[in-house]
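Here are the chains, one letter per residue:
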Amino acid sequence: MASAAPGLASPCISICRMHAGTGWCEGCLRTLDEIAAWGAQDDKARLQVLLRLPPRRAAWRLLKAAATAAGAPAHAPANAPANAPTNAPTNAPAAGSKP
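Computed from a predicted structure; not experimentally measured. (Residues numbered from 1 in each chain as written. Predicted model: local features only at pLDDT ≥ 70, side-chain atom pairs only at ≥ 80, totals over all residues. Heavy atoms only, no water.)

Draft legend 1. Main features of the overall build of the protein. Along its length, the protein carries two helices and zero strands. Counting across all 99 residues of the protein, residues that qualify as buried make up 25%. (Helix = DSSP H or I, 4+ residues; strand = E, 2+ residues; numbered from the N terminus. Buried < 20%, exposed > 50% of the residue type's maximum accessible area, 1.4 Å probe, protein only.)

Laid out in structure tokens, this is it:
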């Protein structure tokens, strides 16, 4: 649910269902740890969470498209591929890439 605490608003859209393959909420794309910590975080920490969401959103769209192509319901993407973005720092090399 959306936070009542002042500051940056929660990205929650009330579709609270965790995806086992990614560990992300299917609504807001945060992890359980990120969701649980939100209410106690200051705006600087919240902003760090919000900045992790755009790459997850892009990966989520790909997962949904792959699941749909495979015949799964659009709301239930297949497990995340090994190279799907996670909570890793954005400057980390992709899996299987050469330095």
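Draft legend 2. Layout of the nonpolar core. Trp 24, Leu 29, Leu 53, Ala 59, Trp 60 and Leu 63 form the largest nonpolar core, which has six residues in total. Residue contacts for Leu 53: discarding those within four places in its chain leaves Pro 11, Cys 28, Leu 29 and Arg 30. (Core = buried A, V, L, I, M, F, W, Y, C linked by side-chain atoms within 4.5 Å. Contact = heavy atoms within 4.5 Å.)

Draft legend 3. Examining unusual backbone geometry more closely. Look at Ser 14: it is not a glycine, yet its phi comes out positive at around 60 degrees. Residue position: Ser 14 is located in the segment before α1 (32-37). In this structure, Leu 29 is a non-glycine residue whose phi angle is positive, near 70 degrees. Tracing the backbone through its elements, the reader meets Leu 29 in the segment before α1.

Draft legend 4. Local environment of the pattern of salt bridges. Enumeration over the complete set of coordinates arrives at three salt bridges. Glu 26 is the partner of Arg 17 in a salt bridge, and the nearest nitrogen-oxygen pair spans 2.9 Å. According to the relative accessible area criterion, Arg 17 is partly exposed, its value standing at 38%. Among the residues examined, Glu 26 registers a relative accessible area of 13% and is labelled buried. With its nearest N and O atoms 2.8 Å apart, the salt bridge here joins Arg 56 to Glu 34. Within this pair, whereas Arg 56 is found in helix α2 (residues 43-69), its partner Glu 34 is found in helix α1, the two being separated by 22 residues in sequence. Neither residue differs from the other here; Arg 56 and Glu 34 are each classed as buried. (Salt bridge = Lys/Arg side-chain N within 4 Å of Asp/Glu carboxyl O.)

Spatial relationships are all this shows, so hold off on functional conclusions.
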